[in-house]
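Summary of the model geometry
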Amino acid sequence: MSSKSRENDDNLEGQSAQKEELNRKIKEQKVVVDELSNLKKNRRVYIQQRNSNIFFLADRGQTLGSCKKELDNMKKELQDL
């Protein structure tokens, strides 16, 4: 087996793993969007501060919008692969 074909195999495996990880994140994000969209209007939403265990009160509409944008970006990234 030549070194070029070995590199191609490694590259394909890397892309495959990357696609699987991205698919997993997309499914997770879909659940978040569904949960946020099904909340009652008077429910509170909290966002976790990055790299900490601190949560802050957030606006449900803004949070839903940002989660949808993130989901769309992930889908575009998956199509680009």
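Structure first, text after, so check above.
What comes next is a walk through the structure. Since the model is a prediction, treat every value here as computed from it, not as a measurement.

**A look at the pattern of salt bridges**
Under the criterion given, the structure shown has two salt bridges. Two residues, Glu21 and Arg24, come together in a salt bridge whose shortest N-O distance is 2.6 Å. Residue Glu21 and its partner Arg24 are both found in helix 1 (residues 3-37); the two are separated by three residues, about one turn of the helix. Look at Glu21 and you get partly exposed, because its relative accessible area is 34%. With a relative accessible area of 43%, Arg24 lands in the partly exposed category. Arg24 is paired through a salt bridge with Glu28; the nearest N and O atoms lie 3.2 Å apart. Highlighted residues: Arg24 and Glu28, both in helix 1, separated by four residues, approximately one helical turn. By relative accessible area, Glu28 is classed as partly exposed at 48%. One salt-bridge network, held together by shared partners, links Glu21, Arg24 and Glu28.

**Some remarks on the layout of surface pockets**
By volume, the largest pocket amounts to about 270 Å³. For the largest pocket, the full set of lining residues is Tyr46, Ile47, Gln48, Arg50, Phe55, Thr63, Ser66, Cys67 and Glu70. A per-element tally of the lining of the largest pocket places helix 2 (residues 60-80) first, with four residues. Among the residues forming the lining of the largest pocket, the class breakdown is four nonpolar, three polar and two charged.

**Re the environment of Glu77**
You can see Glu77 is positioned in helix 2. With 58 residues separating them along the chain, Glu77 and Lys19 place their C-alpha atoms 9.4 Å apart.

**Notes on unusual backbone geometry**
Positive phi outside glycine occurs at Asn51, with the angle close to 60°. Its place among the elements puts Asn51 in the loop between strand 1 (45-48) and strand 2 (55-58).

**Side note on the environment of Val33**
The topology assignment puts Val33 in helix 1. Among the residues examined, Val33 registers a relative accessible area of 9% and is labelled buried. Distance from Val33 to Gly65, taken between C-alpha atoms, is 8.8 Å for residues 32 residues apart in sequence. The residues contacting Val33, other than those within four sequence positions of it, are Leu64, Cys67, Lys68 and Leu71.

Reading guide: rules and limits
- Counting restarts for each chain, with residues numbered from 1 along the sequence as it is written.
- Only residues with pLDDT of 70 or above have their local features reported here, since the model is predicted, and side-chain atom pairs are shown and tallied only from 80 upward, although totals for entire chains, interfaces and linings are computed over all residues.
- Where side-chain values are given, they derive from all heavy atoms of the structure, hydrogens and water being excluded.
- One speaks of a salt bridge when a side-chain nitrogen belonging to Lys or Arg is within 4 Å of a carboxyl oxygen belonging to Asp or Glu.
- Put simply, DSSP marks the helices as runs of H or I at least four residues long and the strands as runs of E at least two long, and each gets a number from the N terminus on.
- Only protein chains enter the accessibility calculation, which uses a 1.4 Å probe. A residue is then buried if its area is under 20% of the maximum for its type, exposed if over 50%, and partly exposed in between.
- Only protein atoms enter the calculation, which uses a 1 Å grid: trapped sets of points that fit a 1.4 Å probe without letting it out are cavities, open sets showing protein on both sides within 12 Å along at least five of seven lines are pockets, and any residue with an atom within 4 Å of a point is a lining residue.
- Grid points are joined across faces, edges and corners, and a volume is the space filled by probe spheres set on the points.
- Note on residue classes: Ala, Val, Leu, Ile, Met, Phe, Trp, Tyr, Cys and Pro are nonpolar, Asp, Glu, Lys and Arg are charged, and everything else, Gly too, is polar.
- What makes two residues a contact is simply this: any of their non-hydrogen atoms within 4.5 Å.

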